[in-house]
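# Survey of secondary and tertiary structure
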Protein chains: 2
Amino acid sequence: MGKAKQPLDSALVCGHEDPIAVRELLTRVGDKWSIFLILSLAKLGGRARFSQLDRAIPGISQRMLTLTLTHLERDGLIAREVFAEIPPRVEYELTALSRSLVEAMQGLVDWVAQNWKQVSAARAEYDAR
Amino acid sequence: MGKAKQPLDSALVCGHEDPIAVRELLTRVGDKWSIFLILSLAKLGGRARFSQLDRAIPGISQRMLTLTLTHLERDGLIAREVFAEIPPRVEYELTALSRSLVEAMQGLVDWVAQNWKQVSAARAEYDAR
DNA sequence: CTGTATCCTTTCGGATACTG
DNA sequence: CAGTATCCGAAAGGATACAG
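All residue numbers refer to positions counted from 1 along the written sequence of the respective chain. Whichever chain is written first is A, and whichever ligand is written first is 1; the rest continue in order. Whole-chain, interface and lining totals are the exception, using all residues; otherwise, since this is a predicted model, local features are given only for residues with pLDDT of at least 70 and side-chain atom pairs are given and counted only at 80 or more. Here the side-chain values reflect all heavy atoms present in the structure, with hydrogen atoms and water set aside.

### Brief notes about the protein's contact with DNA strand D
- Here a residue counts as near a molecule or strand whenever at least one of its heavy atoms sits within 4 Å of it. DNA strand D sits among 17 residues. The nearest are A:R49, A:S51, A:Q62, A:R80 and A:Y92.
- Side-chain polar atom of A:S51 to a phosphate oxygen of DNA strand D: 2.7 Å apart, as the coordinates give it.
- One of the side-chain nitrogen or oxygen atoms of B:R63 is found 2.9 Å away from a base nitrogen of DNA strand D.
- The secondary structure listing takes helices from DSSP runs of H or I that are at least 4 residues long and strands from runs of E that are at least 2 residues long, numbered from the N terminus. Elements supplying a minimum of two residues to the surface near DNA strand D: helix 4 (50-56), helix 5 (62-74) and strand 3 (89-94) of chain A together with helix 3 (32-43) and helix 5 (62-74) of chain B.
- Sort the elements by how many residues they give to the surface near DNA strand D and helix 5 of chain A lands first, with three residues.
- Polarity classes work like this: nonpolar for Ala, Val, Leu, Ile, Met, Phe, Trp, Tyr, Cys and Pro, charged for Asp, Glu, Lys and Arg, and polar for all others, with Gly in that last group. Along the lines of polarity and charge, the residues of the surface near DNA strand D split into eight nonpolar, four polar and five charged. N or O atoms within 3.5 Å of each other form a polar contact, as long as, within protein, one can give a hydrogen and the other can take it, and as long as residues adjacent in sequence are counted only when both atoms are side-chain atoms.

Next up, the structure:
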């Protein structure tokens, strides 16, 4: 094979392969609503319905919830299942692909949770000058 | 104090402490230009000048480079040093705070680098229906 | 070289009202 | 319950010209 597994060079993202596709996907997986959605779903056991997600993600509008779900489904990150009941029930589930993404997203969120106060302080100091 | 170190619960982000500040910071550190900037800087040894960064980040406009640098400096994630020379020289450096962020950002970028083709395929299939 | 300033188009995203 | 449709203001961001 000649080439072992990718060294995970960030140059792969910053200039090779398909910079535009990669950049666009990064805006998707770096988006706050996508992150909260995926992580909330993970926290809810990997599967939940619309209203559960709505309640689990503070501040999200119905519109953004719907839109984000649609995008993530299109990207293969969420599977959607509709039950023919009244009242309607729809369940969303993480896919194998998104399960592999959870850890990376969690890493970013953890950093924010640990460091946002420091950043706030830095901003206050900057603004004071 | 009385309070030991935070358990890193993602609920901390999704609903407690200061949801708005946390959400806003997440959009900052999840932003593609912030990510490329921090990671490029890391790849360049943690310190680089304006033009180097411009070249290292394909597709970024001068405006976005300047803006992102300003934001990151304000957030305490980048230190800026100006040299009184002609022609002007300005160097940017990662801070202790941003160095702790590199790994988390890299995790997200690595995921994208590894999985973007799968996502592309999922999109194609979705659009075909 | 390292920016700033301005213009202008595109996209984001909340509010609200309506539907099967 | 789980959406869709529409409106509209706000923000993102490229292009371009200019400046210290």
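### What to know about unusual backbone geometry
- Across the junction of A:I86 and A:P87, the peptide omega takes the value 0 degrees, indicating a cis bond.
- Along the chain, A:P87 turns up in the loop between strand 2 (78-83) and strand 3.

### Structural notes on the pairing of strand 2 of chain A
Residues and elements named next belong to chain A.
- Two strands qualify as a pair provided that DSSP identifies no fewer than 2 bridges between them. Judged from the six bridges that link them, strand 2 and strand 3 form a sheet pairing that is antiparallel. Pairing of F83 across the sheet is with R89, part of strand 3.
- As consecutive antiparallel partners, strand 2 and strand 3 are separated by five residues.

### Description of the sheet that holds strand 1 (residues 47-49) of chain A
Residues and elements named next belong to chain A.
- Taking strand neighbours across the sheet as the criterion, the three strands line up as 1-3-2 in an open arrangement whose pairing is antiparallel. What marks the edges here is a single partner per strand, and that holds for strand 1 and strand 2. Here the average twist between neighbouring strands, direction ignored, is 25 degrees. Lines fitted to C-alpha atoms define the axes here, with helix axes fitted over just the stretch in contact, and angles between the N-to-C directions of these axes take values from 0 to 180 degrees.

### Description of the relation of the copies chain A and chain B
- We place the copies in one frame by least squares, fitting the C-alpha atoms of every residue whose pLDDT is at least 70 in both. The transformation that overlays chain A on chain B combines an axial shift of 0.0 Å with a rotation of 180 degrees, and the residual RMSD is 0.0 Å. Look at the turn and shift together and you get a two-fold axis relating the two. Judged by C-alpha distance, A:G30 is the residue of chain A that lies nearest the rotation axis, at 2.2 Å.
- A shared binding surface is used by both copies, with 98% of the interface residues of chain A retained as interface residues in chain B. Contacts are assigned to residue pairs with any non-hydrogen atoms lying within 4.5 Å of each other.

### Description of the interface of chain A and chain B
- Contact residues are listed per partner, giving 58 residues for chain A and 57 residues for chain B.
- Note: buried area is the sum, over both parts, of the accessible area (probe 1.4 Å) each one loses when the two are combined. Carbon and sulfur atoms make up 70% of the area that chain A and chain B hide from each other, which totals about 5,400 Å².
- Sorting the residues of chain A by area buried against chain B places A:R74, A:W111 and A:R123 first, and these three jointly supply 14% of that buried surface.
- Each salt bridge in this description consists of a side-chain nitrogen of Lys or Arg and a carboxyl oxygen of Asp or Glu lying within 4 Å of one another. For the pair chain A and chain B, the interface holds six salt bridges.
- For A:R74, the salt bridge identified is with B:D127, shortest N-O distance 2.8 Å.

### So, the confidence of the model for chain A
All names here are of chain A.
- On average, residues of chain A carry a pLDDT of 89, and 88% of them reach 70 or more.
- Between the elements of chain A, mean pLDDT differs from a low of 53, seen in helix 1 (residues 11-14), to a high of 98, seen in strand 3.
- A score from 0 to 100, pLDDT tells how confident the predictor is in each residue. For residues 1-10, every residue scores under 50 in pLDDT, and the model assigns this stretch six contacts once sequence neighbours within four places are set aside.

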